[in-house]
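# Fold and contact review
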Amino acid sequence: MTTDERALPLDLDPSAIARLGRHAVDFLADWVRELDSAPASDYEQAERLTTALRRPPGDGPGDFGALLELFREAAGQGVDTAGPGYLAYFPAGGLVTAALAELLAETVNRFTGVAQTAPALVAMEHGVLTWFCDRFGLPPGAGGLVTTGGSVGTLSALLAARQSLADGTAAASHALGDGTIYVTEHTHYCVAKAARIAGLPAERIRIVPATADLRMDVPSAATMIAADRAAGLRPFLLVGTAGTTSSGTVDPLAELGELARREGLWFHVDAAYGGGFQLTERGRARLSGMETADSIVLDPHKSLFLPYGTGLLLVRDPHVLHAAHAADGRYLQDLSPTGDLPDFGHLGVELTREFRGLRLWLPLHLHGVQAFERELDEKLDLTADLHRRLAQDARFEVPWQPDLTVVLFRLRGTDERNRRFLAEINATRRVYLSSTTIDGRFFLRLCVLNFRTHADRLEEALGIIRTAASREVR
Ligand SMILES: *Cc1c(COP(=O)(O)O)cnc(C)c1O
């Protein structure tokens, strides 16, 4: 190697880009090839590696191959959230084509925070957004934003809901302290977190009782809204969940939408997990009523298999979103609105952002929509089958029929026994499950959502579960 090659300038020449790029892409292909046989969880080297990984960077250039090896080792530690054995939380896998889109988007590095600097790229992203709005049954004129995930989208939805409340009165700031929000105990905590960030007092969040099948009880919600209004408060936001995090349960969305409309509340649907299923016929039937929402959050990094860091916020009226977020600065005086294209920087929390739309646009156009439908349909079938077989085994309690792809089950007996049962299952390192607590009781939680998980791994999972159960139940 000559000295020139060793000093790696920041402005890589095309041949260096090709050389490093090939090396990196070869690495990815190898990595994906190994996923099937890789352990579902592995902590053996974690401690040893932390020392090596905390070393500060050198003044001179490093060796790309050696650095990649270090990354390979580090990435192999912990839970393999991209592998087929990952059945915990919400496994998506992470489409490689979306990762390639990321590489492309970040290399051209055009600025898509406003439309003027990259009108055609913004049009690509806007096209994806309006396509989703259409698939969710929102009316023409609906729009939204590609965010980093459900939490950020929920914050913006809450700000829009607050804005809509403020618009109706002169006293915008006064409105907030009096505002009340309606959720259930099964609602994701990102709603409470968003409320806290927005300055809404915690005691303004109303926990509406859930029915025995874990759905928001609509008559109770109506009663609570009426009582709050009678007490001089200002109910402004009703949150329905399309696939709760613990159990994947879908709230009665149509009835909630109707209640919100009748009472003049903003209806937000948290479809962070369930939203992707809207692409399937069964999903659309189970999520019916979502089209009445004022805002919808969904996480393509869950039920559309994208890499982490991709969320969607869809809103019926983007003007409200704009009013809730738009700001101005003299340093932006050269920029003006471009036709009917959105300025994404005025619709959410971020101004500067990567061209996030390509991550969705490329996989959708390249694989085609049916490829996603087929995967999701397969996951629905696999879940129904697994649920049926667990429910047939008298050793297990399987109280809830899955709405989507989450199955909750437990061994008859104590929570302690079930904690041990989960640990035994995960110790096989072929699958990785998580748990949750419903009505004060511990449940194992299995979610089928990774596009790399198919019947063979679930068959293996069922075998592992049965074997661990026989050890516990003697
Ligand atoms: C995951 C999840 C969220 C939070 O989304 P992030 O993308 O993790 O920020 C919100 N709501 C529900 C129902 C979820 O499952």
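Per-chain numbering applies: the sequence of each chain, read as written, is numbered from 1 onward. In view of the model being predicted, local features appear only for residues whose pLDDT reaches at least 70, and side-chain atom pairs are presented and counted only at 80 or more, with totals across whole chains, interfaces and linings using the full set of residues. Values shown for side chains rest on all heavy atoms present in the structure; no hydrogens or waters enter the calculation.

An unreviewed UniProt entry lists the protein under the name Pyridoxal phosphate-dependent decarboxylase family protein, from Nonomuraea helvata. UniProt positions are given in the numbering used here, feature names are shortened, and annotations may be inferred rather than shown by experiment. In UniProt, the protein has this text filed under Cofactor (unreviewed entry): "pyridoxal 5'-phosphate". Listed under Sequence similarities (unreviewed entry) in UniProt, the entry text for the protein is "Belongs to the group II decarboxylase family."

## Side note on the side chain of His186
Summarising the element assignment, His186 is placed in the loop between strand 4 (179-183) and helix 9 (190-198). Classification of residues uses two cut-offs on accessible area relative to the type maximum, computed with a 1.4 Å probe and protein chains only: under 20% is buried, over 50% is exposed, and between them is partly exposed. On the accessibility criterion, His186 (11% relative accessible area) is buried. A contact between two residues is defined here by any heavy atoms of the two lying within 4.5 Å. Those residues in contact with His186 that sit more than four places away from it in its chain are Ala210, Leu214, Thr244 and Ile438. Here a helix means four or more residues in a row that DSSP labels H or I, a strand means two or more in a row labelled E, and each is numbered from the N terminus.

## A short note on the site of the ligand
Around the ligand, a shell composed of 13 residues is seen, among which Gly150, Ser151, Asp270, Asp299 and Lys302 lie nearest. Polar contact criterion, stated in full: a pair of N or O atoms within 3.5 Å, where within protein one must be able to donate a hydrogen and the other to accept it, and residues adjacent in sequence count only if both atoms are side-chain atoms. Within the side chain of Asp270, one N or O atom sits 2.6 Å away from a nitrogen atom of the ligand. Note on areas: Shrake-Rupley with a 1.4 Å probe; residue coverage comes only from the protein chains shown. Taken by itself the ligand offers 380 Å² of open surface, and the protein chains cover 85% of this. Where the shell around the ligand is concerned, the elements lending two or more residues are helix 7 (150-167) and helix 13 (300-303). Taken together, the residues of the shell around the ligand sort by class into three nonpolar, seven polar and three charged. Any residue with at least one heavy atom within 4 Å of a molecule or strand is counted as near it. When residues are grouped by polarity, Ala, Val, Leu, Ile, Met, Phe, Trp, Tyr, Cys and Pro land in nonpolar, Asp, Glu, Lys and Arg in charged, and all others, Gly among them, in polar.

## Re the domain arrangement of the protein
Along its sequence, the protein is organised into domain 1 (14-76), domain 2 (103-366) and domain 3 (369-473). Where each domain begins and ends is defined by an automated method or by a domain database. Between domain 1 and domain 3, the C-alpha centre-to-centre distance is 32 Å. The interface of domain 1 with domain 3 comprises nine residues on the first partner and seven residues on the second. Its largest share of buried area at the contact with domain 3, domain 1 owes to Asp36, Ala40 and Ser41, together 56% of the area lost on that side. Criterion for a salt bridge: a side-chain nitrogen of Lys or Arg within 4 Å of a carboxyl oxygen of Asp or Glu. Linking Asp42 and Arg429 is a salt bridge whose minimum nitrogen-to-oxygen distance equals 3.3 Å. Across the domain 1-domain 3 interface, the total number found is four residue pairs in polar contact (both at pLDDT 80 or more). Tallied by class, the residues present in the side of domain 1 that touches domain 3 amount to four nonpolar, two polar and three charged. Note on definitions: buried area is the accessible-area loss of two parts on being combined, 1.4 Å probe, summed for both.

## Notes on the packing of aromatic side chains
Pairing of aromatic side chains here covers Phe, Tyr and the six-membered ring of Trp, requires ring centres within 6.5 Å, and sorts the geometry by plane angle: under 30 degrees stacked, over 60 edge-to-face, intermediate tilted. One pass over the full model with this rule turns up 12 aromatic pairs. Here the aromatic rings of Tyr273 and Phe277 are separated by 6.0 Å at their centres, their planes lie at 75°, and the arrangement is edge-to-face. Given the relative accessible area of 1%, Tyr273 is considered buried. What makes Phe277 buried here is its relative accessible area of 0%. The structure contains a cluster of three or more aromatic residues connected by ring pairs, namely Phe27, Trp31 and Phe71. It is Arg410 that lies over the ring of Phe443; its NZ or CZ is 5.8 Å from the centre. Each ring is checked for a lysine NZ or an arginine CZ that lies within 6 Å of its centre and within 35 degrees of its normal; such an atom marks a charge sitting over the ring. Cation over ring: Arg445 sits above Phe90, and NZ or CZ is 4.8 Å from the ring centre.

## Details of the nonpolar core
To form a nonpolar core, buried Ala, Val, Leu, Ile, Met, Phe, Trp, Tyr and Cys residues must be joined to one another through side-chain atoms within 4.5 Å. Formed by 88 residues in total, the largest nonpolar core has its most connected members in Phe132, Ile181 and Ile296. For this core, the two domains that each supply at least three residues are domain 2 (103-366) and domain 3 (369-473). Leaving out residues up to four positions away in the same chain, Phe132 has contacts with Leu298, Leu304, Leu312, Leu314, Leu360 and Leu364. One finds Phe409, Val431, Leu433 and Ile465 within the second-largest nonpolar core, a separate group that totals 25 residues.

## Brief notes about the sheet that holds strand 4
What holds strands together in a sheet is hydrogen bonding between their backbones, with the strands either parallel or antiparallel. Reading across from one edge, 3-9-8-7-6-4-5 is the order of the seven strands in this open sheet, with mixed pairing throughout. Unpaired on one side and paired on the other, strand 3 (143-147) and strand 5 (205-207) mark the two borders of the sheet. Direction aside, neighbouring strands of the sheet carry axes that sit 20° apart on average. When DSSP finds two or more bridges between a pair of strands, those strands are recorded as paired. Here strand 3 pairs with strand 9 (residues 311-315) via five bridges, running antiparallel. Looking across to strand 9, one finds that Leu145 is bridged to Leu313. Note on geometry: axes are C-alpha line fits, over the in-contact stretch for helices, and angles between N-to-C directions span 0 to 180 degrees.

## Quick word on helix 18 (residues 455-472)
Take the residue count of a helix, subtract one, and multiply by 1.5 Å to get its expected span. The end-to-end C-alpha separation of helix 18 is 26 Å, in line with the 26 Å expected for 18 residues at 1.5 Å each. Those residues of helix 18 that sit buried are Arg457, Leu458, Ala461, Leu462, Ile464, Ile465, Ala468, Ala469 and Glu472. The arc that holds every buried residue of helix 18, seen down its axis, measures 165°, which confines them to one face. Contacts from the buried residues of helix 18 go to helix 16 (369-392), strand 10 (396-397), strand 11 (406-411), helix 17 (415-427) and strand 13 (441-447). The arc under discussion is defined with respect to the helix axis, by the directions toward the C-beta atoms.

## What to know about the environment of Arg374
Tracing the sequence through the fold places Arg374 in helix 16. Measuring from C-alpha to C-alpha, the distance between Arg374 and Thr280 comes to 8.2 Å, with 94 residues separating the pair along the chain.

## Looking at the sheet that holds strand 13
A sheet is described by the order of its strands in space; here four strands give the open sequence 10-11-13-12, paired in antiparallel fashion. The open sheet is flanked by strand 10 and strand 12 (434-438), the only strands paired with a single partner. Examined bridge by bridge, strand 10 and strand 11 share two bridges and lie antiparallel to one another. Opposite Glu397, over in strand 11, you have Arg410 as the bridge partner. Strands in contact with helix 16 are strand 10, strand 11 and strand 13; relative to strand 11, the strand with the most contacts, it is inclined by about 15°. Set on the sheet, helix 18 makes contact with strand 10, strand 11 and strand 13; between it and strand 11 the angle comes to about 20°.

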